[in-house]
Amino acid sequence: MEEGFLAEDSEADTLLEERELQVPPALHGERLDRVLALLVPEFSRSYLQQRIAQGDVLHAADVLSKASARVRSGQVLIVRLRETPQSQAFVPESMALDMVYEDEYLRVIHKPAGLVVHPAPGHWRGTLLNGLLALDAQAVNLPRAGIVHRLDKDTSGLMVVARTRLAMDRLVQSIAERTVRRQYLAVAAGRWRWSAPQDFAGAIGRDPLNRLRMAVVDLGRQPGKPARTTVECLDQSPQACLLRCSLHTGRTHQIRVHLAHAGYPLVGDALYGGRPLGELSRQALHAWRLAFTHPVTGLPVDLQADLPADLQALLAVTGLRYNPQLTQPSPPSMA
């Protein structure tokens, strides 16, 4: 049982804590769900939206049932926090984490393939968030334990995690302003047909034929968001090609979707039509380089993570050559 859940609710058959929260002046006029996410940061915004929808947020005797309702400075809110698999997920779990960089403001972690970043249905425990909570007692005071961006479960590579609220807010702003440079190495099926770097700019939204997938969509007909990926071929063989991919936006499955749409699904990416090669048991995608301006010191941070063993074995099977010197990028625009 998570500490803080005190009384039993016989109707919902869950444990229940009631918290009293006062809206500070700085949040006057903000949406109810955003205010709750800021005042109760150990729970996700989606979980708090569920509490609103189920009548667990009150002002005086009135139930506040709309997440979009605007709050007032000084308003006192009562929030009933019910124990669910999601709420039980935010607990410390000790795990070995590969630290590439660390200071008092942030960490950069080399995430292995197979590690889920954030608790979600089917993966409520054993996530990177659980490991961060065990690593640093102060992480509980940060939304999502300081996680500012994600990698798919089966994508390996570099992630930056904040250790203070100041660093977190500035990193989120830098990502939104597209001044964080993220480059990936990928292995795709087939021979690459372009000699120069290619820009893929198809908007990405939910695949209307398969809700588990994303797809390139026509924004005039389907919901989605603009996306842009620059891809350059570093080497190729009759079976596959080694690609360097630079993200300019950060949409769900962006590289996987853009390459599959262009006819180059990633090796091992069954969701997007990629076939297995060798013994690789996941999509051939690695977050190889992460470069940004430090959110507090203002100094440049530019880090790289070499290919993990399973991807190096794939290169050997496909006859592709990986030369770290050749992967050093020219200075492309960070916009």
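These figures come from a predicted structure and were not determined experimentally.

A count of helical and extended segments in the chain gives seven helices and 16 strands. Every one of the 335 residues in the chain was classed for burial, and the buried ones make up 48%. The long-range fraction of contacts in the chain, counting pairs at least 24 apart against all pairs at least 6 apart in sequence, stands at 64%.

Take empty space enclosed by the protein next. Per the stated rule, a full pass over the model turns up two cavities of 30 Å³ or more. Estimates place the volume of the largest cavity at around 50 Å³. What lines the largest cavity is simply Arg107, Leu132, Asp136, Ala139, Leu142, Ala145, Val161, Ala162 and Arg163. In terms of residue class, the lining of the largest cavity is made up of six nonpolar, no polar and three charged. A volume near 40 Å³ is recorded for the second largest cavity. If you go around the second largest cavity, the residues you meet are His149, Leu158, Arg182, Gln183, Tyr184, Ala287, Arg289 and Leu290. Of all the elements in the fold, those that place two or more residues in the lining of the second largest cavity are strand 9 (181-189) and strand 15 (285-293).

Here the second largest pocket is characterised by a volume of approximately 540 Å³. Around the second largest pocket, the lining comprises 24 residues; the ones closest to its centre are Ala37, Ser44, Arg45, Pro143 and Arg144. When residues of the lining of the second largest pocket are traced back to their parent elements, those giving at least two are helix 1 (32-39), helix 2 (45-53) and helix 5 (165-176). The biggest single contributor to the lining of the second largest pocket is helix 5, with four residues. Grouping the constituent residues of the lining of the second largest pocket by class yields twelve nonpolar, five polar and seven charged.

With that out of the way, let us pick up the environment of Asp169. Checked against the element boundaries, Asp169 lands in helix 5. The class for Asp169 is partly exposed, based on a relative accessible area of 40%. When the C-alpha atoms of Asp169 and Pro295 are compared, they prove to be 8.7 Å apart, with 126 residues separating the residues in sequence.

Parameters and conventions
Residues numbered from 1 in each chain as written. Predicted model: local features only at pLDDT ≥ 70, side-chain atom pairs only at ≥ 80, totals over all residues. Heavy atoms only, no water. Helix = DSSP H or I, 4+ residues; strand = E, 2+ residues; numbered from the N terminus. Buried < 20%, exposed > 50% of the residue type's maximum accessible area, 1.4 Å probe, protein only. Contact = heavy atoms within 4.5 Å. 1 Å grid on protein atoms, 1.4 Å probe; cavity = no way out; pocket = protein on both sides within 12 Å on 5 of 7 lines; lining within 4 Å. Points joined across faces, edges and corners; volume = space filled by probe spheres on them. Nonpolar A, V, L, I, M, F, W, Y, C, P; charged D, E, K, R; others polar.

By themselves, these observations are geometric and do not establish any function.
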